[in-house]
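Spelled out, the chains give:
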Amino acid sequence: MTVLALDFETANERRDSACAVGLAWIADGRVIRRESHLIRPPEMRFAPGNIRVHGILPANVADKPGFGAVMAPYLDDLARGLILAHNASFDIGVLRAGLARAGLPVPDLSYLCTVQVARRVFPAPEGCGLGKVARRLGIRFEHHDAGEDAYACAEIALAAMREREAADVHGLAAAIGLPITRAMGGPARPSRDPGGISGRAMAAFPAASAALSFTMRGSTGNRYHVAFEERPGGPQLRCTCTAGRYGMRCRHVKALEVGDITDLLSDNASDVALLARMLGTRVRAVGAA
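The residue count restarts for each chain, going from 1 along the sequence in the order it is written. Local features are withheld for residues below a pLDDT of 70 in this predicted model, meaning they are given only at 70 or higher, and side-chain atom pairs are given and counted only at 80 or more; totals for whole chains, interfaces and linings count all residues. Water and hydrogen atoms play no part in the side-chain values, which are based on all heavy atoms of the structure.

Thoughts on the overall build of the protein
Let me state the cut-off plainly: Each helix is a run of DSSP H or I of at least 4 residues and each strand a run of E of at least 2, with the numbering of both proceeding from the N terminus. Note on exposure labels: buried denotes an accessible area under 20% of the residue type's maximum, exposed denotes more than 50%, and partly exposed covers the range between, all computed with a 1.4 Å probe on protein chains only. Contacts are assigned to residue pairs with any non-hydrogen atoms lying within 4.5 Å of each other. Only the protein chains shown count as cover for residues, with accessible areas throughout obtained via the Shrake-Rupley method and a probe of 1.4 Å.
The number of helices and strands found in the protein is 14 helices and 10 strands. Counting the 289 residues in the protein, one finds 53% classified as buried. Long-range contacts, defined as pairs at least 24 residues apart, comprise 63% of the intrachain contacts of the protein with a sequence gap of at least 6. Here the protein has roughly 13,000 Å² of accessible surface; of this, 50% comes from carbon and sulfur atoms.

Have a look at this one:
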């Protein structure tokens, strides 16, 4: 099976605003191939905060191909393989939203989050951000360059395999008790609102949506609560974490929106499936093969 690490950079807060992608393939215990590309986002709106992170400017991508053209050569590998990503809910969300915005079918996806791998294999009080884990393991890379980040993600997985003496990534997942998530795809269907939950979707499930509430584990082990709320601007999920209190769509909300239950502490995975149906997707998590 193909195993590849994936990393996206985005132009702004929307998941369909990818402006760069990096990929790194793993085989025979090493990285065998690396690719990186700039992407012209559908809307040329770059948030200053995003630019500060990755340094990509509108002028850098003005003449680059769009998401569909860039990602088309890799969709077979992504659909048939196992994807690694550091904070996978973000990168898988960008992939799904970008394909939907481009009017392309979203393939079935299998993925494993290397943040969760690092927490089990290389825990440390300072946390398991990509740069921190790479530094502890002696992995040299240029952070927030998509191609470099994908490479570092792949090397973290390889280091964990060596540490746990696992023959492959599936064996690693089984050894550390981390389920591989399977996200079911769908037909081509352009989306006008890939960044959140639409009022139409919530209206289709009025009674159930009002009761949606989840408990999520934070990066340092804190417990946060994510609940459905009716707001003046429309329905949304709100989290009690710091980002959520400031009105941002935090990583806990984004994870639930793509069906990632890795950090779900409450015993209501079926509600995550309901949320997926409200969003027009089908997502489930299963144990490692």
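That covers the picture; the talk isn't over yet.
Structural notes on the packing of aromatic side chains
Short version of the rule: Working definition: a ring pair exists when centres of Phe, Tyr or Trp rings (six-membered ring for Trp) sit within 6.5 Å. Plane angles under 30 degrees give stacked, over 60 give edge-to-face, the rest tilted. In this analysis the charged atom, NZ for Lys or CZ for Arg, is taken to sit over a ring once it is within 6 Å of the ring centre and within 35 degrees of the ring normal.
Applying the stated criterion to the full structure yields two aromatic pairs. Judged by centre distance (5.9 Å) and plane angle (50°), the rings of Trp25 and Tyr74 are tilted. Taken as a pair, Trp25 in strand 2 (residues 18–27) and Tyr74 in the loop between helix 3 (67–71) and helix 4 (75–80) lie far apart in primary sequence, 49 residues in all. The exposure class of Tyr74 is buried, given its relative accessible area of 5%. Lying across the ring of Trp25, Arg33 places its NZ or CZ 3.9 Å from the centre. The ring of Tyr151 is capped by Arg34, whose NZ or CZ atom sits 4.1 Å from the centre of that ring.

Notes on the side chain of His86
Rule in force here: Counted as a polar contact is a pair of N or O atoms within 3.5 Å, where, for protein atoms, one must be capable of donating a hydrogen and the other of accepting one, and residues adjacent in sequence contribute only when both atoms are in side chains.
Within the secondary structure, His86 sits in the loop between strand 4 (82–85) and helix 5 (88–101). Within the structure, His86 has its side chain in polar contact with the backbone oxygen of Cys128 (distance 2.8 Å).

Describing the nonpolar core
We count it as follows: Only buried residues count toward a nonpolar core, which is a set of Ala, Val, Leu, Ile, Met, Phe, Trp, Tyr and Cys residues joined through side-chain atoms within 4.5 Å.
Of all hydrophobic cores here, the largest spans 36 residues; its most connected members are Ala5, Leu84, Leu112, Val117, Val169 and Leu172. It is helix 8 (residues 146–164) that contributes the most residues to this core, 11 residues altogether. Core analysis: the next-biggest nonpolar cluster, separate from the first, contains 28 residues, Leu23, Met71, Leu75 and Val94 among them.

What about the side chain of Arg182?
The condition that has to hold: Neither His nor the chain ends is counted toward charge; the positive residues are Lys and Arg and the negative residues Asp and Glu. Any carboxyl oxygen of Asp or Glu within 4 Å of a side-chain nitrogen of Lys or Arg constitutes a salt bridge here.
When you line up the elements, Arg182 lands in strand 6 (residues 181–184). No salt bridge is formed by the buried Arg182, whose closest oppositely charged neighbour, Asp108, lies at an N-O distance of 9.7 Å. Within the local environment of Arg182, its side chain forms a polar contact with the side chain of Ser110, the two groups lying 3.1 Å apart.

Section: the state of the cysteines
Here is the rule we go by: Criterion for a disulfide: a pair of cysteine sulfur atoms within 2.5 Å.
Inspection of every chain in the model, using the stated rule, returns zero disulfides. As a non-bridged cysteine, Cys113 has Cys153 as the owner of its nearest cysteine sulfur, 8.1 Å distant. Of all cysteine sulfurs, the one in Cys250 lies closest to Cys241, which takes part in no disulfide; the gap is 3.6 Å. According to the relative accessible area criterion, Cys241 is buried, its value standing at 6%.

Structural notes on unusual backbone geometry
We note that Asn87 has phi near 70°; this positive angle belongs to a residue other than glycine. In this fold, Asn87 is placed in the loop between strand 4 and helix 5. The exposure class of Asn87 is partly exposed, given its relative accessible area of 25%. We note that His144 has phi near 75°; this positive angle belongs to a residue other than glycine.

Examining helix 7 (residues 130–137)
Short version of the rule: Of all possible arcs, the one meant is that of the directions from the helix axis to the C-beta atoms.
Looking at helix 7, one finds that the buried residues are Leu130, Gly131, Val133 and Ala134. One side of helix 7 holds all its buried residues, which, seen down the axis, span an arc of 165°.

Some thoughts on the pattern of salt bridges
Should the charged atoms of two oppositely charged side chains come close, the side chains can pair. Applying the stated criterion across every chain, the model contains 11 salt bridges. Here Arg14 and Asp16 are joined by a salt bridge, their closest N and O atoms 3.0 Å apart.

Here's the deal with the packing of helix 8 against helix 9 (residues 169–176)
Axis angle and axis distance: for two packed helices, these are the angle between their axes and the distance between the axes, and together they describe the pair. Basically, it comes down to this: Each axis is a line fitted through C-alpha atoms, taken for helices only over the stretch in contact, and angles between the N-to-C directions span 0 to 180 degrees. When an angle is under 35 degrees it counts as roughly parallel; over 145 it counts as roughly antiparallel; between 65 and 115 it counts as roughly perpendicular; any other value is oblique. By convention the crossing between two helices is left-handed if the near helix lies anticlockwise of the far one by an angle smaller than a right angle, and right-handed if it lies clockwise. Each residue receives one of three labels: charged for Asp, Glu, Lys and Arg, nonpolar for Ala, Val, Leu, Ile, Met, Phe, Trp, Tyr, Cys and Pro, and polar for the others, Gly being one of them.
Where helix 8 contacts helix 9, the axes come no closer than 10 Å and their chain directions differ by 60°. Viewed along their axes, helix 8 and helix 9 adopt a mutual orientation that is oblique. Considering only the axes of helix 8 and helix 9, their crossing is left-handed. Where helix 8 approaches helix 9, its residues Ala157, Ala160, Met161 and Arg164 are matched on the opposing element by Val169, Leu172, Ala175 and Ile176. Class assignment for the residues of the contact of helix 8 with helix 9 results in seven nonpolar, no polar and one charged.

Let's talk about the environment of Glu229
Among the secondary structure elements, Glu229 is positioned in strand 8 (residues 223–231). Note on Glu229: relative accessible area 27%, which makes it partly exposed. With 17 residues separating them along the chain, Glu229 and Leu212 place their C-alpha atoms 8.9 Å apart.

What to know about the packing of helix 7 against helix 8
With their axes 10 Å apart at the nearest point, helix 7 and helix 8 run at an angle of 55° to one another. Classified by the angle their axes make, helix 7 and helix 8 are oblique. Remark: the crossing between helix 7 and helix 8 carries left-handed chirality. In contact with Leu130, Val133, Ala134 and Leu137 of helix 7, helix 8 contributes Asp149, Ala152, Cys153, Ile156 and Ala159.

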